[in-house]
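Each chain is listed here by its residues.
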Amino acid sequence: MPDRSTDSTARTPSTVPVLAIDGPSGSGKGTVAKRVAEALGWHLLDSGALYRAVGLLALDRGIPLDDADALAALALRLPISFQPAGEGVSVHLEGRPRDADLRTEDTGAAASAVAAVPAVRDALLARQRDFRQAPGLVADGRDMGTVVFPDAPYKVYLTASAEERAQRRHKQLMEKGVATTLAALLEEIQARDARDMGRSVAPLKAADDALRIDSTGMSIGQVVKAVLDHVVLHGSQ
Ligand SMILES: Nc1ncnc2c1ncn2[C@@H]1O[C@H](COP(=O)(O)OP(=O)(O)OP(=O)(O)O)[C@@H](O)[C@H]1O
Ligand SMILES: Nc1ccn([C@H]2C[C@H](O)[C@@H](COP(=O)(O)O)O2)c(=O)n1
């Protein structure tokens, strides 16, 4: 095993392929990553779930969202597990399912805040890389192609206009029966974009070698096809 005690970025080279999908909130990363992973028969990493878990447990425990030492300690020993549930996966924290709490806008905002703490990102790095298992991994997040898997052979930067992303989120929340307004969601999305893109460590940005897809006006099926085409095309080169 590599010694990660002094260098949290140390890793052995891997031949297991990774498809990194990065992009802002509501761009469709999670939806597309899940479908593409199913189509390829690859593993799936929803890296946002790890940051959401740190944010939610910090709120539960009253840990200030800028207390770097306490947050890093929490992230290092994050009591999270991914349990099979029906055709998907349920995220358990401290042994119990917390899926609904993890997906709220408040948890998303807390996740964005703790994600700006360098020690938290460092603490989660090895855990994310451990998902790289044969036959392959589809990983979605903000820094999959730039920091966590810079050697990924396939990289996609998925975006859409802030207005369209707010409309998608509005529809999603209405379907869940959550009352909100389009204007409030647009404001939240713009604030989250600013924080995720503006932080000093691992800011959200496209890797230089990523395929950029603007999904504004595209259906989910069209985006999934474009991503699969990219993997097939690059795989045969
Ligand atoms: N191309 C698309 N056209 C229409 N709706 C879409 C499209 N892509 C995703 N959606 C819908 O938008 C909503 C948000 O998608 P999703 O959760 O996958 O985004 P995300 O980028 O993973 O967001 P977050 O980073 O906040 O988790 C979902 O309801 C999803 O079904
Ligand atoms: N690789 C990642 C994944 C997530 N984050 C942060 C920033 C996001 O606003 C927040 C929630 O992510 P989501 O579940 O909405 O994808 O977590 C990050 O910094 N890096």
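Conventions adopted
- Residues numbered from 1 in each chain as written.
- Chains lettered and ligands numbered in written order.
- Predicted model: local features only at pLDDT ≥ 70, side-chain atom pairs only at ≥ 80, totals over all residues.
- Heavy atoms only, no water.
- Pairing = 2+ DSSP bridges.
- Helix = DSSP H or I, 4+ residues; strand = E, 2+ residues; numbered from the N terminus.
- Axes fitted to C-alpha atoms, helices over the stretch in contact; angles between N-to-C directions.
- UniProt positions renumbered as here; feature names shortened; annotations may be inferred.
- Contact = heavy atoms within 4.5 Å.
- Polar contact = N/O pair within 3.5 Å; in protein donor to acceptor, adjacent residues only side chain to side chain.
- Phe/Tyr/Trp six-rings, centres within 6.5 Å; stacked < 30°, edge-to-face > 60°.
- Buried < 20%, exposed > 50% of the residue type's maximum accessible area, 1.4 Å probe, protein only.
- Parallel < 35°, antiparallel > 145°, perpendicular 65-115°, else oblique.
- Left-handed = near helix turned anticlockwise from the far one by under 90°.
- Nonpolar A, V, L, I, M, F, W, Y, C, P; charged D, E, K, R; others polar.
- Salt bridge = Lys/Arg side-chain N within 4 Å of Asp/Glu carboxyl O.

Time to look at the sheet that holds strand β7 (residues 154-159). The parallel open sheet is built from five strands, whose spatial order is β2-β6-β1-β7-β8. Looking at the sheet topology across the chains shown, the edges are occupied by β2 (43-46) and β8 (211-214). Between one strand axis and the next, the sheet turns through 20 degrees on average, direction left out of account. Note: β7 against β8, four bridges, orientation parallel. Within β8, the residue paired with Y157 across the bridge is R212.

This next bit is on the UniProt feature "binding site: ATP" (unreviewed entry) in the protein chain. This chain's UniProt record puts "binding site: ATP" (unreviewed entry) on G23, P24, S25, G26, S27, G28, K29, G30 and T31. Positionally, S27 belongs in the loop between β1 (18-22) and α1 (29-40). Once residues within four sequence positions are removed from consideration, S27 is found in contact with L158, T159, A160, R165, R168 and S215. Only 2.7 Å separates the side chain of S27 from the backbone oxygen of P24, close enough to count as a polar contact. Assignment of secondary structure puts K29 in helix α1. Setting aside anything within four residues of it in sequence, one finds K29 in contact with I21, D22, G23, P24, D140, G141, R142 and L158.

With that settled, the discussion passes to the packing of aromatic side chains. Counted by the stated rule, this structure contains two aromatic pairs. When the ring of W42 is compared with that of Y154, the centres are 6.3 Å apart and the planes differ by 35 degrees; the resulting orientation is tilted. Of this pair, W42 sits in the loop between α1 and β2 while Y154 sits in strand β7, and the two are 112 residues apart along the sequence. We classify W42 as buried; its relative accessible area is 16%.

What follows is about the packing of helix α5 (residues 105-114) against helix α9 (residues 182-198). Two numbers describe how α5 lies on α9: the axes approach to 10 Å, and their chain directions differ by 15 degrees. The orientation of α5 with respect to α9, classified from their angle, is roughly parallel. Our pair here, α5 against α9, has a crossing hand that is left-handed. Contacts between α5 and α9 pair E105, G108, A109, S112 and A113 from the former with L185, E188, R192, R195 and D196 from the latter. For the contact of α5 with α9, the class distribution of residues is three nonpolar, two polar and five charged.

Counted under the stated rule, the structure contains 14 salt bridges. Between D101 and R98 there is a salt bridge whose closest N-O contact spans 2.9 Å. Relative accessible area serves as the criterion here: at 36%, D101 is assigned to the partly exposed category. R142 is paired through a salt bridge with D196; the nearest N and O atoms lie 3.4 Å apart. Of this pair, R142 sits in the loop between β6 (137-141) and α7 (144-148) while D196 sits in helix α9; the two residues are 54 residues apart in sequence, bridging distant segments of the chain. Residue class for R142 comes out buried when judged on its relative accessible area of 16%. Owing to a relative accessible area of 5%, D196 belongs among the buried residues under this scheme. Linked by salt bridges that have partners in common, D60, R98 and D101 make up one network.

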